[in-house]
Amino acid sequence: MLLLSLDLLANGLIYGCFYALMAVGLAMIFGVLKIVNFAHGEFFMVGAYTYVLVALKFEVSPWIALPCAALAGAALGWIVERLLMRPLYRGYASWGFMKDEYAVVVTFGLSLLLINLVDKIVGPYSYKGPSLIETSRFALGPVMLTGQKAIAAVVALLIMGGLAVFLKRSVWGKQIQAVAQNRLGASLAGIDATRTTALIFAISGMLAALSGALLAPMVNPSPDVGAFPAIKSYVIVVLGGMGSVWGAMLAAMILGVSEAFFSVYGSYDYRDAFGLAILVLVLLLRPQGLFGEKGREL
Amino acid sequence: MIGPGPLWRDRLAFDMRIAVLVCVVLAVLPLVVQGPYAQGIILVSVYFAILSLAWNALAGYTGQFSLAPAAFAMLGGYTTALLDFYLKVPLFIGIPAAIISTALFGLVLGKLVLRLSGPYLSLTTLAFAEIARVVVGNSHEFTRGDQGMHVATLTDSRLGYYYIFLAALVVVLVLLYAMLRSKLGRFMTAVRDDPVGAESRGINVVRVKMIVFCISCALCGLAGSLYGTFSQLVSPELGLLQQTGLVLSMVVIGGMASLTGSIVGALLVYLGSEWLRSFGNWQVIVFALLVILFARYVPGGLWGLMLDRLKGKRA
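Residues numbered from 1 in each chain as written. Chains lettered and ligands numbered in written order. Predicted model: local features only at pLDDT ≥ 70, side-chain atom pairs only at ≥ 80, totals over all residues. Heavy atoms only, no water.

A. Broad picture of the overall build of chain B. Looking only at helices and strands, chain B features 14 helices and two strands. The C-alpha radius of gyration of chain B comes to 19 Å, within 12% of the 20 Å expected for a compact globule of 315 residues. Expressed as a percentage of the 315 residues in chain B, the buried residues total 59%. Taking the intrachain contacts of chain B between residues at least 6 apart in sequence as the baseline, contacts between residues at least 24 apart amount to 80%. Just so you have it, chain B exposes about 12800 Å², and 68% of that area is on carbon and sulfur atoms. With 22 positive and 13 negative side-chain charges, chain B shows a spacing of 11 Å between the two charge centroids. (Helix = DSSP H or I, 4+ residues; strand = E, 2+ residues; numbered from the N terminus. Rg over C-alpha atoms; globule rule 2.2 N^0.38 Å. Buried < 20%, exposed > 50% of the residue type's maximum accessible area, 1.4 Å probe, protein only. Contact = heavy atoms within 4.5 Å. Areas by Shrake-Rupley, 256 points an atom, 1.4 Å probe, with all protein chains shown as cover. Lys, Arg positive; Asp, Glu negative; His and termini not counted. Charge placed at Lys NZ, Arg CZ, Asp CG, Glu CD.)

B. The overall build of chain A, seen in detail. Regarding its fold elements, chain A presents 11 helices and two strands. Walking chain A from its N terminus toward its C terminus, one meets helices and strands in the order α-α-α-α-β-β-α-α-α-α-α-α-α. Counting the 298 residues in chain A, one finds 59% classified as buried. Taking as baseline every contact in chain A between residues at least 6 positions apart, the subset at least 24 positions apart corresponds to 76%. Working note: accessible area of chain A is about 11900 Å², and carbon and sulfur atoms make up 68% of it.

C. Broad picture of unusual backbone geometry. Residues and elements named next belong to chain B. At K88, a position not held by glycine, the phi torsion is positive, near 55°. With respect to the helices and strands, the residue K88 is situated in the loop between helix 3 (69-87) and helix 4 (91-113). The exposed category is assigned to K88, whose relative accessible area is 63%. A positive phi angle, close to 60°, is found at Q232, a residue other than glycine. Locating Q232 in the fold gives a position in the loop between helix 10 (205-231) and strand 2 (233-234). Residue classification places Q232 among the partly exposed positions, given a relative accessible area of 29%.

D. Highlighting the confidence of the model for chain A. Across chain A, pLDDT averages 81, with 88% of residues at or above 70. Across residues 294-298 of chain A, where pLDDT falls below 50, the model places 17 contacts with residues more than four positions away in sequence or in other chains. (pLDDT = per-residue confidence, 0-100.)

E. Structural context of the packing of aromatic side chains. In total, this model carries 18 aromatic pairs over all chains according to the counting rule given. Considering the side-chain rings of Y15 of chain A and Y19 of chain A, the 6.3 Å spacing of their centres and the 50° angle between planes classify their relative orientation as tilted. Linking Y15 of chain A with Y19 of chain A, this pair stays in helix 1 (residues 2-33), spanning four residues, or about one helical turn. Judged by its relative accessible area of 10%, Y19 of chain A falls in the buried class. On the numbers, 5.4 Å between centres and 65° between planes, the contact of Y161 of chain B with F230 of chain B is edge-to-face. One end of the pair, Y161 of chain B, is in helix 7 (residues 158-181); the other, F230 of chain B, is in helix 10, and 69 residues separate them in sequence. (Phe/Tyr/Trp six-rings, centres within 6.5 Å; stacked < 30°, edge-to-face > 60°.)

F. Inspection of the packing of helix 7 of chain B against helix 10 of chain B at higher detail. Residues and elements named next belong to chain B. Where helix 7 contacts helix 10, the axes come no closer than 11 Å and their chain directions differ by 175°. With respect to each other, helix 7 and helix 10 are oriented roughly antiparallel. Contact with helix 7, carried on its side by R158, Y161, I164, F165, A168, V172, L175, L176 and M179, involves V212, I215, L219, L222, L226, Y227, T229 and F230 of helix 10 and no other residues of that element. The residue makeup of the contact of helix 7 with helix 10, split by class, is 15 nonpolar, one polar and one charged. (Axes fitted to C-alpha atoms, helices over the stretch in contact; angles between N-to-C directions. Parallel < 35°, antiparallel > 145°, perpendicular 65-115°, else oblique. Nonpolar A, V, L, I, M, F, W, Y, C, P; charged D, E, K, R; others polar.)

G. Representation of the interface of chain A and chain B in the model. Taken residue by residue, the interface counts 41 residues in chain A and 44 residues in chain B. With both chains or domains summed, chain A and chain B bury close to 3900 Å², and 79% of this area falls on carbon and sulfur atoms. Inspection of the region where chain A meets chain B yields zero salt bridges. Seen at the junction of chain A and chain B, the total is one residue pair in polar contact (both at pLDDT 80 or more). Of all elements in the fold, only helix 3 (62-85), helix 4 (99-122), helix 9 (227-240) and helix 11 (271-285) of chain A reach the threshold of two or more residues within the side of chain A that touches chain B. It is helix 4 of chain A that contributes the most residues to the side of chain A that touches chain B, 15 residues altogether. (Buried area = accessible area lost by both parts, 1.4 Å probe. Salt bridge = Lys/Arg side-chain N within 4 Å of Asp/Glu carboxyl O. Polar contact = N/O pair within 3.5 Å; in protein donor to acceptor, adjacent residues only side chain to side chain.)

H. Expanded view of empty space enclosed by the protein. All names here are of chain B. Inspection of the entire model under this criterion finds five cavities of 30 Å³ or more. In this model, the second largest cavity occupies a volume close to 50 Å³. Along its surface, the second largest cavity is lined by W55, L58, S66, A68, P69, F72, F213, S216, C217 and C220. Listing elements by their share of the lining of the second largest cavity, those giving two or more residues are helix 2 (36-59), helix 3 and helix 10. At four residues, helix 10 tops the list of elements feeding residues into the lining of the second largest cavity. Residue composition of the lining of the second largest cavity, by class: eight nonpolar, two polar and no charged. (1 Å grid on protein atoms, 1.4 Å probe; cavity = no way out; pocket = protein on both sides within 12 Å on 5 of 7 lines; lining within 4 Å. Points joined across faces, edges and corners; volume = space filled by probe spheres on them.)

I. Fine view of helix 10 (residues 245-265) of chain A. Its 21 residues give helix 10 of chain A an end-to-end C-alpha distance of 30 Å, which sits within 8% of 30 Å, the value for a rise of 1.5 Å per residue. What helix 10 of chain A keeps buried is the set V245, G247, A248, M249, A251, A252, L255, G256, V257, E259 and A260 of chain A. (Expected span 1.5 Å × (residues − 1).)

J. Molecular detail of the environment of L26 of chain B. Residue and element names in this part refer to chain B. By the element assignment, L26 lies in helix 1 (residues 7-32). Placed 137 residues apart in sequence, L26 and Y163 show a C-alpha to C-alpha distance of 9.4 Å. For L26, the residues in contact, after removing those within four places along its chain, are V46, Y162, L166, L169, I263 and L267.

K. Representation of the pattern of salt bridges. Inspection of every chain in the model, using the stated rule, returns four salt bridges over all chains. Taking the shortest distance from any N to any O, the salt bridge between E259 of chain A and K232 of chain A comes out at 3.5 Å. Taken together, the residues E259 of chain A in helix 10 and K232 of chain A in helix 9 connect sequence positions 27 residues apart. Here E259 of chain A matches K232 of chain A in class, with each residue buried. A salt bridge links R133 of chain B to E130 of chain B, with the shortest nitrogen-to-oxygen separation between them at 3.1 Å. Residue R133 of chain B and its partner E130 of chain B are located together in helix 5 (residues 118-138), separated by three residues, close to a single helical turn. What makes R133 of chain B partly exposed here is its relative accessible area of 21%.

Below, the structure written as structure tokens:
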């Protein structure tokens with residue numbers, strides 16, 4: 001019983017790392033534009049496909065495919081911001097469409113577009129993703145892990161550590177925080193808010209794509225593979241307090257662990273509804289998220 | 001697009017007149033379009049027109065972006081199907097029961113979510129829609145899961161069914177028109193345009209949202225229930241997010257906050273998607289692209305474009 005619990009805890013935490021990678025990008029976009037990107041799952045999907053296809057078609061090492069996926073995600077995020085998000089902060093509200101509505105319609109449409117476009121180009125088959133390292137299961141104390149899972153979790157942690165340092169220390173990171181706190185104020189201080197927003201979308205796309213690439217060997221990408229990771233990141237972002245990066249990281253761990261326990265002690269059939277139920281509950285009881293008024297802190 | 005002031009009332013009356021004209025065209029359409037397949041297609045597009053009207057009342061006129069219209073259609077369909085299957089309830093009770101049950105679902109969900117705004121509301125309704133679909137699809141003993149359930153049918157004549165759908169569309173249209181003409185209609189647009197201002201003028205914003213939400217859900221339930229009896233099968237596929245996407249694209253392409261826009265949008269998008277069906281899933285690609293382009297460059301939709309043309313001025 002205890003051993004099972006430890007096993008679930010470890011696996012939950014590992015999934016929490018992937019969820020965090022996914023959700024942090026969504027939280028950053030919300031922090032800056034106050035919109036939910038309903039196409040976030042498709043960033044994940046594009047990352048997973050890029051990773052698998054680059055590794056399989058060009059027969060290169062997965063360690064080269066991984067940065068390719070990151071690049072693809074970043075490029076997609078950047079293009080999306082450039083083509084579709086500009087009206088949100090360039091006086092479009094007066095057209096009659098409200099900001100929130102525009103964002104919902106455009107990102108929802110984008111999600112449908114990307115899913116079906118990939119389905120058309122790559123085909124509806126799911127691909128078996130190559131593993132980063134070839135090891136079978138090994139025991140870490142009482143916990144059984146596969147090599148792929150362990151190494152992917154380590155990579156995810158490294159990326160998040162890198163992101164934390166980037167946000168805290170670098171000039172660009174500080175500019176991102178400034179724009180998130182007060183767009184107008186940051187502009188007055190000489191920060192190019194438009195360019196910073198493009199940067200945020202690129203980072204967000206990159207993180208989601210990386211999480212897709214790292215999970216590719218476990219989920220076997222298909223065009224609609226992004227749906228559940230996306231819903232999980234919505235849950236996490238709401239749970240952690242919209243727009244809060246640190247809240248999102250912590251909430252990801254909470255969700256990962258509680259989900260692992262629910263699928264064993266609760267119901268396996270309804271595990272996909274579990275996260276959603278949490279989302280509804282949190283929104284009802286504490287719309288500002290678990291971590292209070294940190295909504296504006298990045 | 002939806003200008004304030006005295007013009008607005010005229011615009012609504014004009015909108016209604018054109019919408020009625022479209023319904024008249026729809027009524028004579030089966031005389032021109034022969035064959036069960038073609039008639040089936042226009043029938044389904046009328047189903048989508050009802051959903052679009054229901055969603056537009058909520059999103060276009062009241063500014064509440066729910067992502068659950070397809071889920072409510074599914075719930076309506078299942079209400080009728082379950083009553084028919086377990087209790088052998090005749091359809092003339094089963095269909096009104098679907099309206100009542102979806103209105104109640106709407107009441108409960110609305111109570112919970114309508115204090116939220118913007119993206120939070122969309123997120124919660126999205127979550128609700130997916131939960132409903134997962135639960136219905138997994139409750140194998142009760143709903144037979146993904147296999148779907150058989151439903152009794154009202155009539156075997158496809159043409160008869162077409163006129164039943166059309167009658168439902170006209171009822172919905174008249175109901176929405178009466179709603180928009182009444183005080184509630186002006187409250188709705190006030191809530192959409194400036195919730196804080198509306199609240200400060202003594203409008204109970206949550207209650208207005210609540211009423212419109214329940215009505216919108218009930219109309220989706222009616223549409224879903226009718227559709228279930230027509231196809232004699234309800235399945236979780238009725239509630240797919242893609243269906244919501246289709247409704248959304250119909251309204252955005254036709255025109256937000258327009259009766260005619262919802263109906264014409266539904267007809268064009270559905271007929272277009274049937275035409276594109278031979279090209280595989282190019283249909284969704286084309287419509288997703290159209291939604292994005294319309295939202296980005298033509299926020300008034302086709303209806304807005306036409307009004308601009310008539311008035312000879314830019315929005």
